[in-house]
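# Structure assessment
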Amino acid sequence: MKFLQLALFILLTHTISFAEEGMLIPSVIQAFESDMKAKGMKLTAQDIYDVNNSSLKDAVLHFGGGCTAELVSDKGLLLTNHHCGYSQIQSHSSLEKDYLKNGFWAKNYSDELPNPGLFVARMVRIDDVTETVNFGVRDEMSNEEKVAKMKENMKVLIEDAEKGNGYKAEIKAFNYGNDFYIIVKEIFNDVRLVGTPPNSIGKFGGDTDNWVWPRHTGDFSVFRVYSGTDNKPADFSESNVPYAPIHFLPIAMTPRKIGDFTMVYGFPGTTEQHLVSSQIKYIMDKERPARIGMREKSLSVIDAGMRSSDQIRIQYSAKQARIANAYKKWIGQVGGLTELDAVRVKEEYEAKYNERAQKKPEWAVKYGSLVAEMKETMKKGQQYDFAYAMAVEYIFTGPEMLRLARSYSNIMDNYDKLVETSLLEEEIEKLDKGLDGFFKNYDVGVDRQIFELLTDEYLEQMNGIGLPNMLTTTSASALTKSIYNKSFLVDIEDAKNALKKVNKRAIKKWGRDPGIMLYRQLMQKFEEETIPGVREFQGRMDGILKVYVEGKQEMFPDAKHWADANGTMRITYGQLEGSAPNDGMEYTDHTTTAGILQKHATGNPDFDLLPDLIETYKKKDFGPYAQDGELWVCFTGSNHTTGGNSGSPVIDANGNLMGLNFDRSWESTMSDYMFDPNRCRNITVDIRYVLWVMDKYAGATHLVKEMKLVN
Ligand code: ARG
Ligand code: GLU
């Protein structure tokens, strides 16, 4: 009987998911309170978001503008993912102090490492200001007049919000301009590295496991927010003190089970749920495959280089991770969209939309031709969108020689102005300093190979359209020789020498450097053809989308509507659960340390472990962190997340921290376009594993003591 009950329970939880699609705006969470409570939540809407009293939102920070982090002690202790703190960890690492390989743990405040440029932001308030933004905007105005009026209104709102408080405010469009919210933030610039596990924990599984379940990655790192002695943000200073937060998250030490309520609170970057069917088709058939092809080439070179030398491994680790991450996600997305038959699903919805529009004459006028218009716009804009994507891959993600060329080219463009304003020297000094940082992580052999392979691939993809002279008149291999043998950009001495005496003549000479020449030719095409095309295409598309979304809300009032992610703070909720994404395939909801040793035994270098770690896992000294004698490493949940949600707290029914979100499963990455409650699972590293690593492996017990553990 017991077995039957269990079987039934598993069956039920696997087939009927309580997953909620959508990323909700915290300040309107009240509307979802009763549904969240029905799913097990014990908190009130005010516990989650409150402007006047401390609430969960005050513990959730935007980390470096791209990730999420959470405060976990009254002394500003901050947790985020290992991959979010990765470039900081790398910047403090060297062959002698290999923090990537061995980890790092500050023993006390004075050991904590400052990170120039890194900032975290607390959201002070998020308010709907749609009416004020649109105040005085009338139908009979031209588009320019409307925009000018709105800009004027926004300026007043922002000035008002920033007056006398040191806050930063911005206004963001939601639902493609149907709604506007003001976001007021408090920005902290002194954020120090407190600890990181070794790569063999924090990046365990590497690219093999990235975007994949089952997962065993301890993807966390530890920082601390510092403030002035008045507890207000301050630039880095020795005299700063640990920040005392308005709220910090207690740690959920309670045993977990399938069906537990989960909520993810963070800063999702981008979703595009409203794309028209033909655009989904283009993404699946053309854009993604082309970008995947470019990255495959870079990665083949970088991976081989990193395997061949420790120096290159350290130099390229952050770059490699960045390139590989999107590369693999895209492959998963195309697969997921294919599996969902996304183009057909979209087409069916579009047919329904058109049909509904015929129900009322005013709907027919306003909404009746939008789908066709989107398809038409798509057809015209595609070539620019594609050229843009390929430029991102080639000029901005490809050979780094081109990135350095950009710095010199900027000085060339602004030479007269810089001389006039006496800023030339300063600019040159800045570039000169930048060169040390650049070449610290540069290997000319690696870059040369990347250049040759990518140039070839770029030529093939662009198929003769929008190419600069240098690429149509020279072969990739000849160009490689000329640039990598002659350009001053690929050698630190030469690059520095070029800065010794910068005058009109020198600038002319720079202009004859083959690397700089190529960069400038590429940018000319980019700025004169691609960008204007993309702007026009995007502008038209956004204009249509605004009305299209309005139509969805008006004509389908009973459907669930939510605003696409746009880098602002959001909440999503669901439950702890596994999935059965494909026929004959079933994923359990959590993993344990046993799996780490199993994966290690395969011999794949992505599962390398430091020798002392193997011993530690084998000892099974899990202390208070165990559940039924095992230590959970990761678990999955049905929460709708995307890039930017990395590091987000996964919060339980009582407002305590269960773990850190860090990924999605391979089968769910298409949720950026189309969410499927039965497949889409976010991946979380269990906070009990995080604490165990600190306490039992790293001996950083003082950090665990700083937190508030709740049983
Ligand atoms: N896929 C996760 C994200 O999008 C984790 C990336 C870091 N891990 C890695 N192996 N590159 O950011
Ligand atoms: N790893 C992602 C990030 O950096 C989160 C995973 C996702 O895209 O869902 O934000």
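Structure: above.
Residues numbered from 1 in each chain as written. Chains lettered and ligands numbered in written order. Predicted model: local features only at pLDDT ≥ 70, side-chain atom pairs only at ≥ 80, totals over all residues. Heavy atoms only, no water.

### Concerning the site of ligand 1
The full set of residues close to ligand 1 is H83, G206, D207, N210, W211, A321, N325, S646, F662 and D663. G206 has a polar backbone atom sitting 3.4 Å from a nitrogen atom of ligand 1. Interatomic distance of 2.9 Å between a side-chain N/O atom of D663 and a nitrogen atom of ligand 1. Here ligand 1 loses 89% of its free accessible area of 340 Å² to cover by the protein chains. (Near = heavy atom within 4 Å. Polar contact = N/O pair within 3.5 Å; in protein donor to acceptor, adjacent residues only side chain to side chain. Areas by Shrake-Rupley, 256 points an atom, 1.4 Å probe, with all protein chains shown as cover.)

### Focus: the state of the cysteines
Taken as a whole, this structure holds 1 disulfide when the rule is applied. Paired by a disulfide, C67 and C84 hold their sulfur atoms 2.1 Å apart. Here the disulfide of C67 and C84 is left-handed, its torsion about the S-S bond being about -80 degrees. Pair noted here: C67 is in strand β2 (residues 67-71) and C84 is in the loop between β3 (77-80) and α4 (86-91), with a separation of 17 residues, a long-range link. Of the two residues examined, C67 and C84, each falls in the buried class. There is no disulfide at C634, and the cysteine sulfur nearest it, in C84, is 14 Å away. Assessed through its relative accessible area of 0%, C634 is described here as buried. Here C680 stays unpaired: no disulfide links it, and the sulfur of C634, its closest cysteine neighbor, is 18 Å away. (Disulfide = S-S within 2.5 Å. Helix = DSSP H or I, 4+ residues; strand = E, 2+ residues; numbered from the N terminus. Buried < 20%, exposed > 50% of the residue type's maximum accessible area, 1.4 Å probe, protein only.)

### Description of the packing of helix α19 (residues 476-486) against helix α22 (residues 514-555)
It is at 8 Å that the axes of α19 and α22 come closest, and there the two elements cross at 125 degrees. When the axes of α19 and α22 are compared, the pair comes out oblique. In this structure, α19 uses L479, S482, I483 and K486 to contact α22, whose residues at the interface are P514, G515 and L518. When the residues that make up the contact of α19 with α22 are grouped by side-chain class, the tally is 4 nonpolar, 2 polar and 1 charged. (Axes fitted to C-alpha atoms, helices over the stretch in contact; angles between N-to-C directions. Parallel < 35°, antiparallel > 145°, perpendicular 65-115°, else oblique. Contact = heavy atoms within 4.5 Å. Nonpolar A, V, L, I, M, F, W, Y, C, P; charged D, E, K, R; others polar.)

### As for the site of ligand 2
In the vicinity of ligand 2, the contacting residues are H83, W211, T641, T642, G643, G644, N645, S646, F662, D663 and R664. G644 places a polar main-chain atom, nitrogen or oxygen, 2.6 Å from an oxygen atom of ligand 2. Backbone polar atom of F662 to a nitrogen atom of ligand 2: 2.9 Å apart, as the coordinates give it. In isolation ligand 2 exposes 290 Å². Once the protein is present, 92% of that is buried. When its residues are assigned to classes, the shell around ligand 2 shows 2 nonpolar, 7 polar and 2 charged.

### Looking at the pairing of strand β19 (residues 682-686)
Counting buried positions along β19 gives 5 out of 5 residues, so the element sits mostly inside the fold. Because side chains alternate across β19, one face comprises the buried residues N682, T684 and D686, and the other comprises I683 and V685, equally buried. Sheet topology places strand β16 (residues 632-637) next to β19; 4 bridges connect them, and they run antiparallel. Paired with T636 across the two strands is I683, which belongs to β19. Note that strand β18 (residues 657-664) and β19 share 5 bridges and pair antiparallel. The residue bridging D663 from the neighbouring strand is I683, located in β19. (Pairing = 2+ DSSP bridges.)

### Here we look at the pattern of salt bridges
Working definition: two side chains of opposite charge can pair if their charged atoms are close together. Under the counting rule described, the total for this entry stands at 44 salt bridges. Between K185 and E170 there is a salt bridge, with the nearest N and O atoms lying 2.8 Å from each other. Here K185, found in strand β8 (residues 179-188), pairs with E170, found in strand β7 (residues 168-174); they are 15 residues apart in sequence, far enough to count as distant. Classification of K185 as buried rests on a relative accessible area of 17%. For E170, a relative accessible area of 26% corresponds to the partly exposed category. The closest approach of N and O atoms between K696 and D621, which form a salt bridge, is 3.5 Å. Linking K696 in helix α25 (residues 687-697) with D621 in the loop between α24 (611-619) and β16, this pair joins segments that are 75 residues apart in sequence. Residue class for D621 comes out partly exposed when judged on its relative accessible area of 37%. Connected through salt bridges with shared partners, the residues E287, R288, R291, R295 and E393 form a single ionic network. (Salt bridge = Lys/Arg side-chain N within 4 Å of Asp/Glu carboxyl O.)

### Remarks on helix α12 (residues 342-357)
With 16 residues, α12 should reach 22 Å at 1.5 Å per residue; the first-to-last C-alpha distance of 22 Å fits that figure. Of the residues making up α12, those classed as buried are A342, V343, K346, E350, Y353 and A357. On an axial view of α12, the arc spanned by its buried residues comes to 90 degrees, and they lie on one face. Residues of α12 that are buried sit in contact with α10 (277-308), α11 (310-340), α13 (361-367), α14 (370-396) and α22. (Expected span 1.5 Å × (residues − 1). Arc of directions from axis to C-beta.)

### Description of α19
Buried within α19 we find A476, L479, T480, S482, I483 and Y484. Taken together, the buried residues of α19 touch α15 (400-420), α17 (444-462), α18 (469-473) and α22.

### Observations concerning unusual backbone geometry
Cis geometry marks the peptide bond from W213 to P214; its omega dihedral reads 0 degrees. Here P214 is to be found in the loop between α9 (206-209) and β10 (221-227). Not every positive phi belongs to a glycine, and S422 is a case in point at roughly 55 degrees. Structurally, S422 can be placed in the loop between α15 and α16 (424-440).

### Digging into the layout of surface pockets
Any empty space left between atoms is shown by rolling a water-sized probe over those atoms. Roughly 870 Å³ of volume is contained in the second largest pocket. At 4 residues, the largest contribution of residues to the lining of the second largest pocket is made by α11. Looking at the lining of the second largest pocket residue by residue, the classes come out as 8 nonpolar, 6 polar and 10 charged. (1 Å grid on protein atoms, 1.4 Å probe; cavity = no way out; pocket = protein on both sides within 12 Å on 5 of 7 lines; lining within 4 Å. Points joined across faces, edges and corners; volume = space filled by probe spheres on them.)

### Regarding the side chain of N661
By secondary structure assignment, the location of N661 is in strand β18. N661 gets classed as buried once you look at its relative accessible area, which sits at 2%. Leave out the neighbours within four places in its chain, and N661 touches N81, V264, T641, N645, S646, G647, S648, V650, N682, I683 and T684.

### What to know about the nonpolar core
Counting 96 residues, the largest nonpolar core has Y394, M401, Y408, Y458, L471, W510 and L518 as the members making the most contacts within it. In contact with M401, other than residues within four places in its own chain, are Y442, D447, F451, I483, Y484, L489, V490 and G515. Within the second largest apolar cluster, 71 residues are counted, among which are A45, F261, Y573 and V633. (Core = buried A, V, L, I, M, F, W, Y, C linked by side-chain atoms within 4.5 Å.)

Fair warning: the whole summary comes from geometry, so function is off the table for now.
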